[in-house]
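# Working through the structure, step by step
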Amino acid sequence: MPKRFTPEEYAQGVLAGNRVLLSRAITLVESTLPSDQTLAHEVMELVLPHAGKSVRVGITGVPGVGKSTFIEAFGNYLLEQHGKKLAVLAIDPTSQRTGGSILGDKTRMETLAANPSAYIRPSPAGKTLGGVARSTRESILLCEAAGYDVIFVETVGVGQSETAVHEMVDFFLLLMLAGAGDELQGIKKGIMEMADAVAITKADGANLHPATSAQAEYQGALHLFPLGASKWSPRVTVCSAYDKTGLAPLWETVMDYVTLTQENGSFAQRRKDQNLHWLKHSIRQSLEERFYQHPFVQEQWEQMAQQVVQGQKSPFAAAEELLQGTK
Ligand code: GDP
């Protein structure tokens with residue numbers, strides 16, 4: 001087992017921007033060991049007053065849309081042109097199914113990873129979406145406390161993870177390909193509605209024209225959605241990670257969004273709503289964990305479940321009986 005530090009040592013290391021201690025602190029919030037969790041809570045409490053000063057950007061799109069290539073190009077652009085410090089986190093609950101990780105493997109984003117102003121952290125493996133989401137949210141705060149002022153949270157546009165990411169970022173960016181139908185791209189209903197911007201990727205060479213047509217088409221589609229509380233009208237841009245084009249307009253879009261929502265108060269409101277969401281989420285998760293770990297439930301579960309499956313007992317009565325037994 002790796003060495004543990006005191007909460008103060010973790011917090012001081014993180015606040016000093018020490019990447020080794022930042023990584024160790026993230027490992028701690030990812031740990032499921034009860035003693036680590038207690039330690040992690042203490043560390044989080046110390047760093048929390050220093051967190052929050054970043055723009056959190058969620059990035060999603062189906063595998064093959066060009067996410068890693070895009071993040072590398074966009075990330076390098078932010079570092080070089082705007083002097084940003086960037087952390088890239090990933091939410092990839094599919095890794096538990098495939099055993100390997102789609103996101104965050106070491107060969108991706110090599111130039112970005114080599115830059116001392118960038119910090120890239122792969123998705124924790126072998127956890128449920130709820131577990132990954134919780135630790136990623138805490139990792140965002142740790143990275144902010146360590147001085148990263150732009151945070152990317154990357155996810156594969158399949159499954160439920162983009163909803164979780166949407167609940168932890170300020171700005172949600174959907175990457176899409178030109179010429180492939182929504183269904184082909186695995187774009188589920190509801191994802192377009194969550195997007196603050198859509199970027200059509202690979203707008204280069206012969207793909208440039210289809211990309212600009214797709215831009216007009218999607219812009220038309222997005223205008224049909226009513227404006228949300230932020231009063232922001234989502235924009236569609238085109239970009240090429242190969243040609244490094246379209247990156248400045250995209251960052252301008254993010255900055256315009258931040259300016260508008262900070263002025264009208266919805267930026268802060270969204271973060272407050274998200275805090276409340278994660279509070280309720282954590283309570284639900286802890287209650288459920290405690291329930292299933294309770295000796296009475298462990299003892300009765302099989303039999304009760306069988307009775308429900310066979311139709312001998314109603315699910316509601318069984319749930320009530322099990323809950324009573326945990327009192
Ligand atoms: P991911 O699965 O979404 O992370 O996608 P990748 O970044 O791995 O890219 C998928 C494929 O698209 C790779 O073969 C890339 O070389 C290619 N690709 C990525 N970005 C661009 C781009 O800007 N232009 C073109 N023409 N191809 C790209």
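Residues numbered from 1 in each chain as written. Predicted model: local features only at pLDDT ≥ 70, side-chain atom pairs only at ≥ 80, totals over all residues. Heavy atoms only, no water.

The protein is annotated in an unreviewed UniProt entry as Methylmalonyl Co-A mutase-associated GTPase MeaB of Nibribacter ruber.

If you check the shell around the ligand, you find 13 residues, and the closest are Ser-68, Thr-69, Lys-202, Asp-204 and Tyr-242. Contact between the ligand and Val-65: an oxygen atom at 3.4 Å from a main-chain N or O atom of the residue. The backbone of Lys-67 places a nitrogen or oxygen atom 2.8 Å from an oxygen atom of the ligand. When the free accessible area of the ligand is taken as 580 Å², the share hidden by the protein chains comes to 70%. By residue class, the composition of the shell around the ligand is five nonpolar, five polar and three charged. (Near = heavy atom within 4 Å. Polar contact = N/O pair within 3.5 Å; in protein donor to acceptor, adjacent residues only side chain to side chain. Areas by Shrake-Rupley, 256 points an atom, 1.4 Å probe, with all protein chains shown as cover. Nonpolar A, V, L, I, M, F, W, Y, C, P; charged D, E, K, R; others polar.)

We now examine the layout of surface pockets. Considering only enclosed or pocket space, the largest pocket measures out at about 1,100 Å³ in volume. For the largest pocket, the lining is made up of 31 residues, of which His-41, Arg-134, Glu-138, Trp-278 and Ser-282 are closest to its centre. With ten residues, the single largest contributor to the lining of the largest pocket is helix α12 (residues 266-293). Grouping the constituent residues of the lining of the largest pocket by class yields eight nonpolar, 13 polar and ten charged. (1 Å grid on protein atoms, 1.4 Å probe; cavity = no way out; pocket = protein on both sides within 12 Å on 5 of 7 lines; lining within 4 Å. Points joined across faces, edges and corners; volume = space filled by probe spheres on them. Helix = DSSP H or I, 4+ residues; strand = E, 2+ residues; numbered from the N terminus.)

This next bit is on the sheet that holds strand β1 (residues 55-61). As summarised here, the arrangement of the seven strands in space is β3-β2-β4-β1-β5-β6-β7, forming an open sheet in which the pairing is parallel. Unpaired on one side and paired on the other, β3 (118-121) and β7 (235-238) mark the two borders of the sheet. With direction set aside, neighbouring strand axes in the sheet form an average angle of 20 degrees. Across seven bridges, the pairing between β1 and strand β4 (residues 150-156) is parallel. (Pairing = 2+ DSSP bridges. Axes fitted to C-alpha atoms, helices over the stretch in contact; angles between N-to-C directions.)

Right, let's talk about the pairing of β4 for a bit. A large share of β4 lies buried, amounting to seven of its seven residues. Burial along β4 is two-sided: Val-150, Phe-152, Glu-154 and Val-156 and Ile-151, Val-153 and Thr-155, pointing in opposite directions, are all buried. Relative to β4, strand β2 (residues 86-91) runs parallel, the two being bridged by six bridges. If you follow Ile-91 over to β4, its bridge partner there is Thr-155. (Buried < 20%, exposed > 50% of the residue type's maximum accessible area, 1.4 Å probe, protein only.)

Tallied over the entire structure, the rule returns seven salt bridges. Residue Lys-313 pairs with Glu-321 through a salt bridge whose shortest N-O separation is 2.7 Å. Accessibility expressed as a relative area gives 22% for Lys-313, which makes it partly exposed. Accessibility expressed as a relative area gives 38% for Glu-321, which makes it partly exposed. (Salt bridge = Lys/Arg side-chain N within 4 Å of Asp/Glu carboxyl O.)

Moving on, we get to the domain arrangement of the protein. Split into domains, the protein comes out as domain 1 (1-50), domain 2 (52-264) and domain 3 (278-325). Contact residues are listed per partner, giving 18 residues for domain 1 and 20 residues for domain 2. For the pair domain 1 and domain 2, the summed buried area comes to about 1,700 Å², and 58% of that belongs to carbon and sulfur atoms. Counting every contact that joins domain 1 to domain 2 gives one salt bridge. Ionic pairing is found between Glu-30 and Arg-121, a salt bridge with its closest N-O pair at 3.0 Å. Our enumeration of links across domain 1 and domain 2 arrives at eight residue pairs in polar contact (both at pLDDT 80 or more). Elements with a contribution of two residues or more to the side of domain 1 that touches domain 2: α1 (7-15), α2 (19-30) and α3 (34-47). Residues of the side of domain 1 that touches domain 2, tallied by class, amount to ten nonpolar, six polar and two charged. (Domains from an automatic or database assignment. Contact = heavy atoms within 4.5 Å. Buried area = accessible area lost by both parts, 1.4 Å probe.)

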